[in-house]
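One letter stands for each residue in the lines below.
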Amino acid sequence: MRPAVKETIPHFPLWRKYRENHDSITQENLIKQYGHLVEQMASRLSLTIPKNIIPKEDLIGLGYIGLIEAIQKFDYKKGYQFETFGLWRIKGAMLDGIRKMDWVPRGLREKAKKLNTAFRQLEQTLMRSPSEEELSQYLDMSIEEVDQALSTLSFSTLLSLNEPINANEEEGKQQSRLDQITDNNSISQVQQLQMEEFRKLISNGIDKMPEKERLVISLLYYEGLTQVEIAEVLNLTKGRISQIHSQAILRLRRSFEAQGFSLDSFM
């Protein structure tokens, strides 16, 4: 028999009142109590999302949509902490909002495609990763245009990695492809085989990266450091870390494509 829910859950009286009445005033109070989660997630995502795509203020607006949805669906009686569930929903609302936007101008999308092809061709010719200057000369683009195209490819890949794969699961159990890299509790045997292949592709792609790219990816996604913190650790500028990160993500994308896969293959 499950023990009764104890009043150790933060804001327990508010949750109980909202569960019983679902009134707008109590909902507003819960939004005020957990509004810091929206700011927290917006600050985190704004470190990896190029500024020309969406400003932090717009992320916050999208985040509050996710917070309200999380409050409406959360059941405190199950014993889960709201923070985990809330952050997941807030992040999902922000990324869903960006996916629904026509956030890449057609001209930039075309440049990104050309950059993707040029990166592969130069890598094969030079037998190493091309620099931004070499990509700029090869494509007759300015360094700024190359940076924008790299950011576009990088962020579209991150959106794919963060696509939710079990959004209908109960609180605290939602996951993305990125989450499942280290998860052994797959929903089905088919998905387990897919994720095993996904892990191998991710692992092989990271192993083949130059040392600096591999280090940035490891510090960012496995150690949880921000780009600012990584810049301090490596004694580089945040802009340089952003460039290295974009190149690493592009290389990972190319690794998938070289083996006949795309990130969308792993739904």
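For the structure, check the block above.
In this report, we go over the structure that sits alongside the text.

Cut-off values and rules
Residues numbered from 1 in each chain as written. Predicted model: local features only at pLDDT ≥ 70, side-chain atom pairs only at ≥ 80, totals over all residues. Heavy atoms only, no water. Helix = DSSP H or I, 4+ residues; strand = E, 2+ residues; numbered from the N terminus. Buried < 20%, exposed > 50% of the residue type's maximum accessible area, 1.4 Å probe, protein only. Contact = heavy atoms within 4.5 Å. Areas by Shrake-Rupley, 256 points an atom, 1.4 Å probe, with all protein chains shown as cover. Arc of directions from axis to C-beta. Core = buried A, V, L, I, M, F, W, Y, C linked by side-chain atoms within 4.5 Å. Salt bridge = Lys/Arg side-chain N within 4 Å of Asp/Glu carboxyl O.

1. Some words on the overall build of the chain
Okay, so step 1: Helix and strand counts for the chain stand at eleven helices and zero strands.
Okay, so step 2: Put simply, the chain runs from its N terminus to its C terminus through helices and strands in the order α-α-α-α-α-α-α-α-α-α-α.
Okay, so step 3: The 267 residues of the chain split such that 43% are buried.
Okay, so step 4: A sequence separation of at least 24 residues applies to 61% of the contacts in the chain between residues at least 6 apart.
Okay, so step 5: Element-wise, carbon and sulfur atoms account for 49% of the exposed surface of the chain, whose accessible area totals about 14600 Å².

2. So, helix α10 (residues 227–234)
Okay, so step 1: Those residues of α10 that fall on the buried side of the exposure criterion are Gln227, Ile230 and Ala231. Seen end-on, α10 carries its buried residues on one side only, within an arc spanning 105 degrees. Along α10, the residues that are exposed and aim more than 90 degrees away from the buried face are Glu232 and Val233.
Okay, so step 2: In the core, the buried residues of α10 are packed alongside α9 (211–222) and α11 (238–258).
Okay, so step 3: Directly beyond the C-terminal end of α10, a positive phi value near 60 degrees is found at Asn235.

3. Focus: the environment of Ile206
Okay, so step 1: By secondary structure assignment, the location of Ile206 is in helix α8 (residues 189–207).
Okay, so step 2: Take Ile206: its relative accessible area is 11%, and that puts it in the buried class.
Okay, so step 3: Sequence separation of Ile206 and Ser218 is twelve residues, and the distance between their C-alpha atoms is 8.9 Å.
Okay, so step 4: If we skip the residues at most four places from it in the chain, Ile206 touches Arg214, Ile217, Tyr222 and Leu252.

4. Concerning the nonpolar core
Okay, so step 1: In this structure, Trp15, Leu59, Leu67, Ile71, Phe82 and Met94 are the most contacted members of the largest nonpolar core, which totals 29 residues.
Okay, so step 2: Among the elements that take part in this core, helix α2 (residues 24–46) stands out by supplying eight residues, more than any other.
Okay, so step 3: Setting aside anything within four residues of it in sequence, one finds Leu59 in contact with Ala42, Leu45, Ser46, Ile49, Ile54, Met94 and Ile98.

5. As for the pattern of salt bridges
Okay, so step 1: As enumerated under the stated definition, the model contains four salt bridges in all.
Okay, so step 2: Here Glu69 and Arg89 are joined by a salt bridge, their closest N and O atoms 2.7 Å apart. Of this pair, Glu69 sits in helix α3 (residues 56–73) while Arg89 sits in helix α4 (residues 82–100), and the two are 20 residues apart along the sequence.
Okay, so step 3: By relative accessible area, which is 13% here, Arg89 ends up buried.
Okay, so step 4: Glu213 is the salt-bridge partner of Arg251, the closest N and O atoms lying 2.8 Å from each other. Placement of the pair is Arg251 in helix α11 and Glu213 in helix α9, with a sequence separation of 38 residues.
Okay, so step 5: Residue class for Arg251 comes out buried when judged on its relative accessible area of 10%.

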